[in-house]
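So the chains spell out like this:
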Amino acid sequence: MLADEFGREVSGVRVSLTDRCNFDCVYCHNEGLGDTRGPMAAQDHEMSADDVVRFLEVAAEFDVDSVKFTGGEPMLRQDLEEIIRRTPDSMEASMTTNGTFLPGRAEALVDAGLSRVNVSQDALDPEQFAAVTQSGAYDRVLEGVEAALDAGLAPVKLNMVVFEKTAGYVPEMVDHVAENDGLRLQLIEYMPELVGKPEWAIDIDRVHDWLGERADRVEHREMHDRRRYWIRDEDAPEEADVDGTTGGMVEIVDPVENPTFCANCHRVRVTHDGYLKGCLNRNDDLRSMGEMSKAEIRETFRETVANRVPFYGEYMVRNGDGEWEVNDEYLDTPAVSDTDGSRPEPVYDGGVEDGYGSTD
Ligand SMILES: Nc1nc2c(ncn2[C@@H]2O[C@H](COP(=O)(O)OP(=O)(O)OP(=O)(O)O)[C@@H](O)[C@H]2O)c(=O)[nH]1
Ligand SMILES: C[S@@+](CC[C@H](N)C(=O)[O-])C[C@H]1O[C@@H](n2cnc3c(N)ncnc32)[C@H](O)[C@@H]1O
Ligand code: SF4
Ligand code: SF4
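Just so we're clear, the structure is a prediction, and the values are computed from it rather than from any experiment. (Residues numbered from 1 in each chain as written. Chains lettered and ligands numbered in written order. Predicted model: local features only at pLDDT ≥ 70, side-chain atom pairs only at ≥ 80, totals over all residues.)

### Observations concerning the overall build of the protein chain
Inclusion rule: In this text, helices come from DSSP runs of H or I with a minimum length of four residues, and strands from runs of E with a minimum of two, each type numbered from the N-terminal end. With C-beta atoms placed from the backbone, a residue is buried if 20 or more other C-beta atoms are within 10 Å of its own, exposed if 12 or fewer are, and partly exposed between those counts. By the convention adopted here, residues are in contact when the distance between their C-beta atoms, placed from the backbone, does not exceed 7 Å.
Looking only at helices and strands, one finds 10 helices and 15 strands in the protein chain. Within the protein chain, the fraction of its 360 residues that count as buried is 40%. Long-range contacts, defined here as pairs at least 24 residues apart, represent 70% of the contacts in the protein chain between residues at least 6 apart.

Structure follows, in structure tokens:
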């Protein structure tokens, strides 16, 4: 497996299959392209299925064992099933989607080899949903979640971006997954970096604190050191363990000004038009794979990994063994780049508490 200078092995890739979308979410970073896209914008040099598969075959040679298909809206690709079917067997294939095209197609995706799906759902109320996504397709998204469950894709993760407009919906979304078998919730801290609008950001530590009080159990995930809170379904018997059947899992994705998240980042990205990218937030390290042979892609992949830099890398130091780690002193200090003073200062608690488990 290839690793960068900071000792971060690359075990996964995120492939954006298109920058087109049928929604126009107010916050959309479009996987690092920023807010340059309009809804259903014309197809712009999308990689072909052959391009995607050629890249995945190279990544598999370097022991990359998972691929996330995303976009734009990946299900706008009519050849998605073909791409998944041709994904190397050694890779787990998952997808993040707005869910509208899952009805009628979820089973074919599973047959092709899809293992997991995340569906974006920012609210439980159609009007609130429409205000965020600038779309009226709420019912269709619910049908999409059902279709994924029926096709055997449980647990389905619901992705919710937490920002000024949605922060108030968090408690009902948490109850929703605690009460519904097969659903999990992923709360994603709003990232203003590529979108602007820093005034929309909220203090994600308040959400951590609130969930910490409600949770029966908290785990740390190896990827990004993300925290997972296991929430009890209030109707479940008291003696029951909180797992997929007697409660819900809520995971927090909190990359903003979080060097610990970046220190545990193991994925390289590919843009819809075939550029390799070391970090979601950077566009200064793009490397095109257009028209390349496999040998050239191999070399470009090596270069991309070698040049990866954690976005908040300035808060890392070398320890006594010469390995990079996040500077503990930083973890006790407030705000890193809160330049305009418009949002609360983040407070970091410095990592894994005693007794927490660790998963994947
Ligand atoms: N800055 C940053 N944000 C990330 C990263 N990974 C995920 N995110 C954010 O989280 C969003 C949702 O990610 P998903 O693709 O649904 O989920 P995932 O992170 O791949 O998690 P799994 O499905 O559990 O593998 C992304 O679109 C980003 O907004 C990352 O490495 N860096
Ligand atoms: C860019 S979308 C692409 C896949 C698909 N169209 C969807 O919405 O699930 C991937 C994820 O990024 C999240 N996202 C988009 N813009 C974001 C932002 N500014 N901050 C945090 N997450 C964001 C979305 O909510 C979605 O869950
Ligand atoms: S559905 Fe996904 S890609 Fe489309 S606008 Fe919303 S977040 Fe962006
Ligand atoms: S380095 Fe940090 S910001 Fe960049 S992709 Fe990885 S976790 Fe995200």
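### Points about the site of ligand 3
Basically, it comes down to this: What makes a residue near a molecule or strand is its C-beta atom, placed from the backbone, lying within 6 Å of it. Note that Gly is not counted as nonpolar here; it falls among the polar residues with everything else outside the nonpolar set of Ala, Val, Leu, Ile, Met, Phe, Trp, Tyr, Cys and Pro and the charged set of Asp, Glu, Lys and Arg.
Contacts to ligand 3 come from 12 residues, most closely from Cys-21, Phe-23, Cys-25, Cys-28 and Asn-98. Class assignment for the residues of the shell around ligand 3 results in four nonpolar, six polar and two charged.

### Comments concerning the site of ligand 1
Around ligand 1 sit 15 residues in total, of which Thr-96, Asn-118, Val-253, Pro-255 and Leu-280 are the nearest. Sorting the residues of the shell around ligand 1 by element identifies strand E2 (66-70), strand E3 (92-97) and strand E5 (156-162) as the ones contributing at least two each. The class makeup of the residues in the shell around ligand 1 is six nonpolar, six polar and three charged.

### With respect to the UniProt feature "binding site: S-adenosyl-L-methionine" (unreviewed entry) in the protein chain
Which entries qualify depends on this criterion: UniProt positions are given in the numbering used here, feature names are shortened, and annotations may be inferred rather than shown by experiment.
When the UniProt feature table is mapped to this numbering, "binding site: S-adenosyl-L-methionine" (unreviewed entry) covers Tyr-27, Gly-72 and Ser-120. Sequence-wise these annotated residues cover 94 residues; spatially they are packed, their C-alpha atoms never more than 12.8 Å apart. Relative to the elements of secondary structure, Tyr-27 occurs in the loop between strand E1 (12-16) and helix H1 (49-61). Excluding residues within four positions of it along the chain, Tyr-27 makes contact with Val-161, Phe-163, Tyr-190, Val-195 and Trp-200.

### Focus: the pairing of strand E9 (residues 247-253)
What counts is decided by this rule: When DSSP locates at least two bridges between a pair of strands, those strands are taken to pair.
Counting buried positions along E9 yields seven of seven residues, so the element is predominantly enclosed. Where strand E6 (residues 183-189) and E9 come together, four bridges link them in parallel fashion. Bridge pairing links Ile-188 to Val-253 in E9. Taken together, the six bridges between strand E8 (residues 227-232) and E9 define a ladder with antiparallel strand orientation. Directly across from Ile-231, in E9, lies its bridge partner Gly-248.

### Quick look at the confidence of the model for the protein chain
When pLDDT drops low, the exact placement of atoms in the prediction is not to be read closely. Convention followed: What pLDDT reports is the predictor's confidence in each residue, on a scale of 0 through 100.
Confidence in the prediction of the protein chain, expressed as mean pLDDT, is 85, and 84% of residues score 70 or more. In this model residues 35-40 is a low-confidence stretch, pLDDT under 50, and it forms 12 contacts with partners more than four residues away in sequence or in other chains. Below pLDDT 50 for its whole length, residues 333-360 participates in 38 contacts with residues either more than four positions away or in separate chains. Here the complex is predicted with pTM 0.89, and the ipTM for its interfaces comes to 0.98.

### Quick word on the UniProt feature "binding site: [4Fe-4S] cluster 2" (unreviewed entry) in the protein chain
Mapped onto the present numbering, the UniProt feature "binding site: [4Fe-4S] cluster 2" (unreviewed entry) falls on Cys-262, Cys-265 and Cys-279. Of the residues just listed, which span 18 residues, no C-alpha pair is farther apart than 9.2 Å, and they cluster in one region. Classification of Cys-265 by C-beta neighbours within 10 Å gives buried; the count is 22. With near-sequence residues (within four places) excluded, Cys-265 lies in contact with Arg-8, His-224 and Pro-310. With respect to the secondary-structure elements, Cys-279 resides in the loop between strand E11 (275-277) and strand E12 (287-288). Once residues within four sequence positions are removed from consideration, Cys-279 is found in contact with Arg-308 and Phe-311.

### Regarding unusual backbone geometry
A cis amide bond links Ala-154 to the next residue, Pro-155, at an omega of -5°. Structurally, Pro-155 can be placed in the loop between helix H5 (138-150) and E5. Non-glycine residue Lys-197 carries a positive phi angle of around 55°. Mapped onto the secondary structure, Lys-197 falls in the loop between E6 and helix H7 (204-214). For His-224, which is not a glycine, the phi torsion comes out positive at approximately 65°. Checked against the element boundaries, His-224 lands in the loop between strand E7 (215-221) and E8. Classification of His-224 by C-beta neighbours within 10 Å gives buried; the count is 21.

### Quick word on the pairing of strand E4 (residues 114-120)
Under the convention used in this document: If you view a crossover with the strands going away from you and the path from the first strand over the helix to the second runs clockwise, you call it right-handed.
Judged by how many residues are buried, E4 sits mostly within the fold: five of seven residues are covered. Both E3 and E4 contribute to a ladder of five bridges, which runs parallel. The residue bridging Ala-93 from the neighbouring strand is Leu-114, located in E4. Remark: the E3/helix H3 (residues 106-112)/E4 crossover connection has right-handed handedness. Note: E4 against E5, three bridges, orientation parallel. Across the sheet, the residue bridging to Asn-118 is Lys-157, located in E5.

### Overview of helix H6 (residues 170-179)
Spelled out, the test is: Relevant arc is that of directions from the helix axis to the C-beta atoms, nothing else.
If you check which residues of H6 are buried, you get Met-173, Val-174, Val-177 and Ala-178. Considered in projection along H6, the buried side chains sweep an arc of 135° and stay on one side of the axis. Along H6, exposed side chains directed more than 90 degrees from the buried face belong to Pro-171 and Glu-172. Among the structural elements, E5, E6, E8 and E9 are those in contact with the buried residues of H6.

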